[in-house]
Amino acid sequence: MTDFRKHAERVKLARLLHTSPEQLAYLDTLDISTLQTLRFSCRRFLLEEHRGLFRRVATAIRILPAALVAMLAERVLGPLLCARVADELETPRVLQLVRHLSPEFVASVAVHVETDRTRELASALPLSDVLDISRILVERREYSLMGDLVGNLPLSLIEAMLRNIRDGEALLRIAFFVENTQRLSDILDVLPPDQVMSVIRAAADEATDLWPEALALISVVKPHWQRRLVSMAVDGDEATLISMVRGVVKHDLWATALPLLELMTENHRRRVINLPVVHDEAVLRQLLRAASQRQLWQFLLPLIPLMEPPLRRLVTRLTEELDEEAMASLVQAIRGHQQWLAALQIIEGLSIARRQLLAAHIADGNDSALEKLAATVYEQQLWPLFFPLVSVLPDAAAARLLSLPLYQEDRVLHDIVAAAHQHHLWPHILPFARQLPEQDRRRLAIAAENMSYAQTQQLVCSLDRAEHWSQALSLMSYMRQERRTAITLQVSDQHDGVLNHMLRSLQETSSWKLLLDLIVALPEDAQHQLIVRSGNLDARLRARLLVYADQNQLSDTVLLRMAEMPRTEVDPHRAIIPYLPAENLAKLRSRCSELGITALLD
């Protein structure tokens, strides 16, 4: 708003100095208070420079007939000299002279009369004269003077003047120059609705380029009028909204426009932010730059959840371009204004590197901020957005987050498991489980152990990284024996591709013991079925499993089960022999001899 006021001050100063506002652009480096002081000083200087001469002229005028003075004024003196003389005359004498002057000439004089004097004379003139003169001033586009008058005349007189102006553009331009912004709301109270609407229509006319003035007006009126004017703009056709966005973009008015969006209903905000014109990358870059440089994140972040998915993805992609300082200011706004939903939606679409950067900033928050994040996630069931964040946090930060009291509650752990099944989150939740304290990890396993057949299938098929298998088997180790057995058998019933993937993963992570502990706990008939089935799997991987089993004194069970099988079932298992290291093969053959099954590995 300060920039708009500065522009208005520059226009007034330019009129006073008989130059163009553009010639005074260098004054924009001054603050508004300094600009006002400069204007008042210039006005005093111009009024005092030849004041003695004007007083002598005024003395002569007092004794001449009013009609003669009026004739001389229009034909000889001209508007500027008449204005200076009028400043030295008593109000009754000026009113006598005005009755003999044409409204057009009086309007010309009014432009040069000292502002306070103009208001005094306008209040004393007959209403019909004021309306005639104000009409002429509007026609001549003397909006600055009209703004000064409207801001200070009695409301009854202002109402009559403005009701006489049917041009929305003129009304808007006049309002822009009203210094007494309190008066603007009073004026709106007395204007008919159709005139107020004409102001909105004038702003929407891109040929006039008046959105800076319109937004300046809306930003300073009383809150109820702010909401009403914003609603009138948004309730209009789409062309009005598109025009508004283009005006904001053209003049970079985000600092004024974004706070006004808070006054809209959610449906109105959704409508505005999803306009096609907003989907332009240049527009969004300007918006993000404004949010970062002018601390506007608090107004932008609530709009993220209202965006349609393609727009949200585009915003997220452009967020990647922010530097670290901008990312830090973004996180500060997220924490300060509790915009966790928006934060999680942004993080969801970021690259791993940027996600880690943003997550690290979030993790640096104090415990209170993290507790609010956790509470928001639980209350709004944001688990699908939350776990991608947890999965990229540094171990220490994740442990700190997951040590919060909320994650020690059974209801929360059951919610997490339900979300894992519903939203296919196991690849994110398994690393999460690894970060939990052992007691909470056990309780999570108990919450998960009653998975249905379909849910177990979903879990198994979602384990696409090596560490996921070791994490899943580790979690199973906390379950009751009967559930471990049931799930192990269901896993063993998967197709060969899944089982080979599991064995490769365990080889990569050196997690053979987790699988062996589950196998040795199976009933004998289940072990037999599993060994038979394993004959279809990769011989190299089975060889590695057998070596590890032997290293941990667990190979006897496997060897004895193999010895009990028919020859046709044993042959696929003998395929591992070429892949056993010589030392291990010799040891296993020796063990077979001790068990009385020498021929098994010959």
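For every chain, the first residue of the written sequence is number 1, and numbering continues from 1 onward in sequence order. Given that the model is predicted, a residue must reach a pLDDT of at least 70 before its local features are reported, and side-chain atom pairs must reach 80 or more before they are shown or counted; all residues, however, enter totals for whole chains, interfaces and linings. Side-chain calculation: all heavy atoms of the structure are included, whereas hydrogens and water are not.

(A) Structural view of the overall build of the chain. Only DSSP runs of H or I covering at least 4 residues are called helices, and only runs of E covering at least 2 are called strands; the numbering of each starts at the N terminus. Scanning the chain from terminus to terminus reveals 40 helices and 0 strands. Relative to the compact-globule value of 25 Å for 602 residues, the chain shows a C-alpha radius of gyration of 41 Å, a clear excess of over 25%. For the chain, with 602 residues in total, the buried portion stands at 53%. Two residue types count as positive, namely Lys and Arg, and two as negative, namely Asp and Glu; His and chain ends fall outside the count. All charge positions are set by atom: Lys at NZ, Arg at CZ, Asp at CG, Glu at CD. A gap of 3 Å separates the mean positions of the 66 positive and 75 negative side-chain charges of the chain. Between the two quantities, the radius of gyration covers C-alpha atoms and the globule rule is 2.2 Å times the number of residues to the power 0.38. Here the term buried applies to any residue with accessible area under 20% of the maximum for its type, exposed to any over 50%, and partly exposed to those in between, with areas from a 1.4 Å probe on protein chains only.

(B) Fine view of the packing of helix 14 (residues 211-220) against helix 17 (residues 254-261). Note on method: axes are straight lines fitted to C-alpha atoms, helices fitted across the in-contact stretch only, with angles between N-to-C directions ranging 0 to 180 degrees. Contact geometry of helix 14 with helix 17 gives a least axis separation of 10 Å together with a crossing angle of 50 degrees. The pairing of helix 14 with helix 17 is recorded here as oblique in orientation. The crossing of helix 14 and helix 17 is left-handed. Two secondary-structure elements touch here, helix 14 through Leu-215, Ile-218 and Ser-219 and helix 17 through Thr-256, Ala-257 and Leu-260. Side-chain classes follow a simple rule in which Ala, Val, Leu, Ile, Met, Phe, Trp, Tyr, Cys and Pro form the nonpolar group, Asp, Glu, Lys and Arg form the charged group, and the remainder, Gly included, forms the polar group. The residue inventory of the contact of helix 14 with helix 17, partitioned by class, reads 4 nonpolar, 2 polar and no charged. Under this scheme an angle from 65 to 115 degrees is roughly perpendicular, one under 35 degrees roughly parallel, and one over 145 degrees roughly antiparallel; angles in between are oblique. Note: crossing handedness is left-handed where the near helix turns anticlockwise from the far helix by less than a right angle, and right-handed where it turns clockwise. Should any heavy atoms of two residues lie within 4.5 Å, those residues are considered in contact.

(C) View of helix 13 (residues 193-204). Relative to the 16 Å expected for 12 residues at 1.5 Å per residue, helix 13 spans 17 Å between its end C-alpha atoms, a close match to the ideal helical length. Of all the residues in helix 13, the buried ones are Gln-195, Val-196, Ser-198, Val-199, Ile-200, Ala-202, Ala-203 and Ala-204. If you follow the buried residues of helix 13, they end up packed against helix 10 (155-163), helix 11 (168-176), helix 12 (181-190), helix 14, helix 15 (223-234) and helix 16 (238-251). In a helix, the anticipated span is given by 1.5 Å times the number of residues less one.

(D) A nonpolar patch on the surface, seen in detail. On the surface, Ile-63, Leu-64, Leu-68, Met-71, Leu-72, Val-76, Leu-77 and Leu-81 cluster together into a nonpolar patch covering about 670 Å² of accessible area. If you tally residues by element for the nonpolar patch, the top one is helix 4 (residues 66-86), at 6 residues. Locating Leu-64 in the fold gives a position in the loop between helix 3 (51-63) and helix 4. Exposure above 30% relative accessible area and no salt bridge define the residues that can form patches, which grow by joining like charges within 9 Å and nonpolar side chains of Val, Leu, Ile, Met, Phe, Trp and Tyr within 5 Å. For accessible areas, the Shrake-Rupley method is used with a probe of radius 1.4 Å. Any residue's cover is judged against the shown protein chains and nothing else. Each reported salt bridge corresponds to a side-chain nitrogen of Lys or Arg within 4 Å of a carboxyl oxygen of Asp or Glu.

(E) Structural view of unusual backbone geometry. Of note, the phi angle at Asp-209 is positive, near 55 degrees, even though the residue is not glycine. In this structure, Ser-510 takes a positive phi of about 55 degrees despite not being glycine. The residue Ser-510 is located in the loop between helix 34 (496-509) and helix 35 (512-520) in this model.

(F) Just the packing of aromatic side chains, in detail. The criterion for an aromatic pair is that two Phe, Tyr or Trp rings (for Trp, the six-membered ring) have centres within 6.5 Å, with stacked assigned to planes under 30 degrees apart, edge-to-face to planes over 60 apart and tilted to the rest. Going through the model one piece at a time under the given rule, you end up with 7 aromatic pairs. On the numbers, 6.0 Å between centres and 75 degrees between planes, the contact of Trp-383 with Phe-386 is edge-to-face. In this pair, Trp-383 and Phe-386 are both assigned in helix 26 (residues 383-392), 3 residues apart and thus about one turn of the helix distant. When sorted by exposure, Trp-383 lands in the same class as Phe-386, which is buried. Relative to Phe-432, the ring of Tyr-407 lies with its centre 6.2 Å away and its plane at 70 degrees, an arrangement referred to as edge-to-face. Of this pair, Tyr-407 sits in the loop between helix 27 (395-402) and helix 28 (410-423) while Phe-432 sits in helix 29 (residues 426-435), and the two are 25 residues apart along the sequence. Among the aromatic residues, ring-to-ring pairing joins Trp-383, Phe-386, Phe-387, Tyr-407 and Phe-432 into one connected group.

(G) Molecular detail of the packing of helix 19 (residues 281-293) against helix 21 (residues 309-319). Between helix 19 and helix 21, whose axes approach to 10 Å, the crossing angle comes to 60 degrees. Taken together, the axes of helix 19 and helix 21 are oblique relative to one another. Taken as a pair, helix 19 and helix 21 cross one another with a handedness that is right-handed. On helix 21, the residues touching Glu-281, Leu-284, Arg-285 and Leu-288 of helix 19 are Leu-311, Leu-314, Val-315, Arg-317, Leu-318 and Thr-319. Considered class by class, the residues forming the contact of helix 19 with helix 21 number 6 nonpolar, 1 polar and 3 charged.

(H) Representation of the confidence of the model for the chain in the model. Confidence along the chain averages 86 in pLDDT terms, with 99% of residues attaining 70 or more. Residue-level confidence of the predictor, termed pLDDT, takes values from 0 up to 100. Across the chain, the secondary-structure element scoring lowest on mean pLDDT is helix 1 (residues 2-16), at 76, and the one scoring highest is helix 20 (residues 297-300), at 94.

(I) View of the environment of Glu-48. Structurally, Glu-48 is set in helix 2 (residues 32-49). For the pair formed by Glu-48 and Trp-512, sequence separation is 464 residues and the distance between their alpha carbons is 98 Å.

(J) View of the pattern of salt bridges. Enumeration according to the criterion identifies 32 salt bridges in this entry. Here Glu-482 ties to Arg-480 by a salt bridge, and the two come within 3.7 Å at their closest N and O atoms. Residue class for Arg-480 comes out partly exposed when judged on its relative accessible area of 41%. Here the salt bridges share partners, and the residues they tie into one network are Glu-9, Lys-12, Arg-39, Asp-148 and Glu-179.

(K) How the structure looks around helix 24 (residues 352-363). With 12 residues, helix 24 should reach 16 Å at 1.5 Å per residue; the first-to-last C-alpha distance of 16 Å fits that figure. Burial in helix 24 covers these residues: Arg-354, Arg-355, Leu-358, Ala-359, His-361, Ile-362 and Ala-363. Next to the buried residues of helix 24 lie helix 21, helix 22 (324-337), helix 23 (340-348), helix 25 (367-380), helix 26 and helix 27.

(L) Molecular detail of the side chain of Glu-213. With respect to the element layout, Glu-213 can be found in helix 14. For the buried Glu-213, which has no salt bridge, the nearest side chain bearing the opposite charge is Arg-173, at an N-O separation of 4.4 Å.

(M) Structural detail: the side chain of Ser-134. Note that Ser-134 resides in helix 8 (residues 127-139). By relative accessible area, Ser-134 is classed as buried at 3%. Looking at Ser-134, its side chain comes within polar contact range of the main-chain oxygen of Leu-131, at 3.0 Å. Setting aside residues up to four positions removed in sequence, Ser-134 forms contacts with Met-146 and Met-161. Here a polar contact is taken to be a pair of N or O atoms separated by no more than 3.5 Å, where protein atoms must pair a possible hydrogen donor with a possible acceptor and residues adjacent in sequence count only if both atoms sit in side chains.

(N) Examining the environment of Asn-500 more closely. Within the secondary structure, Asn-500 is located in helix 34. Taking the relative accessible area as the measure of exposure, Asn-500 reaches 14% and is therefore buried. The spacing of Asn-500 and Leu-258 is 242 residues in sequence and 55 Å in space, taken between C-alpha atoms. In contact with Asn-500, other than residues within four places in its own chain, are Leu-537, Asp-538 and Leu-541.

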